[in-house]
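Chain residues, written in single-letter form:
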Amino acid sequence: MSQLHPGWPAVLAAGPVTLRPLRRRDAGAWSRSRLANVDWLARWEPTSSQSWESRNSVGEYHRTLSRLRSAARLGTMLPFGIVYGERLVGQLNVSNVVRGALRSCSVGYWIDSAVAGRGITPTALALAIDHCLTEARLHRVEVNIRPENHASLRVVEKLRLRQEGYHERFLDIDGGWRDHLSYAITTEEILDGTTLSRLGGLPVPPG
């Protein structure tokens, strides 16, 4: 960890769920998962001129990983892979890290549909929030979600994040400017515990 970017690199775990830095050898698993989940993921992804196959290829993973590592070194991101048991099943990026008077960040994530609904994503998000508000020395974490994304809305509801606003035409997603609901949490809201403690329990291990 560094003074520039306290809290990174880090490995965070709760039960069978682990957040860890992405690795070069994750390329195959990442690409296979993304390609197999086009119907599950594409409608929530940023607009791109590349085909789904091109932007989720092994080669593109390596280019993306290089950009993520550069941002992590600069202190503007904490890019994590989501691991369930021993398997890479998704990704969680803490981005837009701002220090100074604001000390804020935003979090985005995706999960393989094959393991959705098992409590993995709420656990991963809770781990990230607790880390950001402690070791990473941030004050505020924000999550922005399209109103139509009911699965992701259930994640923030389970963690009892506060709905903070409604942003019209906020991000260019899947070919258009999409409205987003904004959820947030600050350090003052978890003084009596952790975000992870708001979950009823941890996911069952695979197998």
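Below is a summary of the structure that appears in this document. Not measured: the values here are computed from a predicted model. (Residues numbered from 1 in each chain as written. Predicted model: local features only at pLDDT ≥ 70, side-chain atom pairs only at ≥ 80, totals over all residues. Heavy atoms only, no water.)

## What about the packing of helix α5 (residues 120–132) against helix α6 (residues 150–158)?
- Between α5 and α6, the shortest axis-to-axis distance is 9 Å and the interhelical angle comes to 50°. Taken together, α5 and α6 sit at an angle that is classed as oblique. The hand of the α5/α6 crossing is right-handed. Residues Thr121, Pro122 and Leu125 of α5 lie in contact with α6, whose contacting residues are Val155, Val156 and Lys158.
- In terms of residue class, the contact of α5 with α6 is built from four nonpolar, one polar and one charged. (Axes fitted to C-alpha atoms, helices over the stretch in contact; angles between N-to-C directions. Helix = DSSP H or I, 4+ residues; strand = E, 2+ residues; numbered from the N terminus. Parallel < 35°, antiparallel > 145°, perpendicular 65-115°, else oblique. Left-handed = near helix turned anticlockwise from the far one by under 90°. Contact = heavy atoms within 4.5 Å. Nonpolar A, V, L, I, M, F, W, Y, C, P; charged D, E, K, R; others polar.)

## With respect to unusual backbone geometry
- Of note, the bond from Trp8 into Pro9 is cis; its omega dihedral lies within 30 degrees of zero at -5°.
- For Pro9, the position within the fold is in the segment before β1 (12–14).
- Backbone geometry places Arg137, a non-glycine residue, at a positive phi of 60°.
- Looking at the element boundaries, Arg137 is found in the loop between α5 and β6 (140–145).
- Of the residues examined, Arg137 reaches a relative accessible area of 47% and is grouped as partly exposed.
- For Arg160, which is not glycine, the phi torsion reads 55° and is therefore positive.
- Summarising the element assignment, Arg160 is placed in the loop between α6 and β7 (162–173). (Buried < 20%, exposed > 50% of the residue type's maximum accessible area, 1.4 Å probe, protein only.)

## Re the pairing of β6
- Counting buried positions along β6 gives five out of six residues, so the element sits mostly inside the fold.
- One ladder, built from three bridges, connects strand β5 (residues 104–111) with β6; its direction is parallel. Paired with Ser104 across the two strands is Arg140, which belongs to β6.
- One crossover worth recording links β5 to the parallel β6 by way of α5, and it is right-handed. (Pairing = 2+ DSSP bridges. Right-handed = clockwise from strand over helix to strand, strands pointing away.)

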